[in-house]
Amino acid sequence: SQTIHQWPATLVQPVGSPLSLECTVEGTSNPNLYWYRQAAGRGLQLLFYSVGIGQISSEVPQNLSASRPQDRQFILSSKKLLLSDSGFYLCAWEALNYGYTFGSGTRLTVV
Amino acid sequence: AQTVTQSQPEMSVQEAETVTLSCTYDTSENNYYLFWYKQPPSRQMILVIRQEAYKQQNATENRFSVNFQKAAKSFSLKISDSQLGDTAMYFCAFMTTNSGYALNFGKGTSLLVTP
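Residues numbered from 1 in each chain as written. Chains lettered and ligands numbered in written order. Predicted model: local features only at pLDDT ≥ 70, side-chain atom pairs only at ≥ 80, totals over all residues. Heavy atoms only, no water.

Things to note about the sheet that holds strand 8 (residues 73-78) of chain A
Neighbouring strands of a sheet are bound in pairs by backbone hydrogen bonds; such pairs are parallel or else antiparallel.
Residues and elements named next belong to chain A.
Thinking step 1. Read across the sheet, four strands follow the order 1-3-8-7 without closing on themselves; strand pairing throughout is antiparallel. Strands at the two margins of the open sheet, each flanked by one partner only, are strand 1 (3-7) and strand 7 (65-70). On average, adjacent strands in this sheet sit at an angle of 20° to one another, irrespective of strand direction.
Thinking step 2. Note: strand 1 against strand 3 (residues 19-26), five bridges, orientation antiparallel. For glutamine 6, the partnering residue across the bridge sits in strand 3 and is cysteine 23. (Pairing = 2+ DSSP bridges. Helix = DSSP H or I, 4+ residues; strand = E, 2+ residues; numbered from the N terminus. Axes fitted to C-alpha atoms, helices over the stretch in contact; angles between N-to-C directions.)

Structural notes on the pattern of salt bridges
Side chains carrying opposite charge are able to pair once their charged atoms draw close together.
All names here are of chain B.
Thinking step 1. One pass over the full model with this rule turns up six salt bridges over all chains.
Thinking step 2. Glutamate 52 is the salt-bridge partner of arginine 50, the closest N and O atoms lying 3.0 Å from each other.
Thinking step 3. The buried category is assigned to arginine 50, whose relative accessible area is 16%.
Thinking step 4. Put simply, lysine 55 and glutamate 52 hold a salt bridge, and the shortest N to O gap is 3.7 Å.
Thinking step 5. According to the relative accessible area criterion, glutamate 52 is buried, its value standing at 10%.
Thinking step 6. One salt-bridge network, held together by shared partners, links Arg50, Glu52 and Lys55. (Salt bridge = Lys/Arg side-chain N within 4 Å of Asp/Glu carboxyl O. Buried < 20%, exposed > 50% of the residue type's maximum accessible area, 1.4 Å probe, protein only.)

Structure below.
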């Protein structure tokens, strides 16, 4: 069966510090992978998606970047966090138009 | 650009009653997919139901069903026999085969089921 792992679950980081959130998928190959952000009380905003190794599409210009170094690994990064980067980050993979399977999310607080 | 609109920020229903959540969308595409996702307080996103645009028959999953009106670009979710565990945020979402199958979400409806 397919599973998706996302970590850490909670993160508190100071302004200006770097960020690395990791997402891995098991039980499938060549998945489409996605990073979403959910600000408090709001909907989900697509940040990045990837249809293959090294292929990254950015939906929103911002302080963040993404990388896909392996087929089933998707990483969200920042060199210097801003207060506005706080939020709930969700990784997801897409299964043949059947919708997404989401990770359990990372709650990031920038202080 | 595709947009998804959920016009009801909050709703409340009594246990065992029926509630309908509204969703409209805008697209020029002909082939697309529609979804309802549930996000309980744990914040885990859970797929509730999906609908292919080329299918006229409304999708159903146990107590959950949709009313898909393609011409009106409407995709409402009906929850029958509401249970306390249905309390959650509900997101309507839209996907085309373009743009890497990215999902566009509405802003959500917060549903509270009361005893």
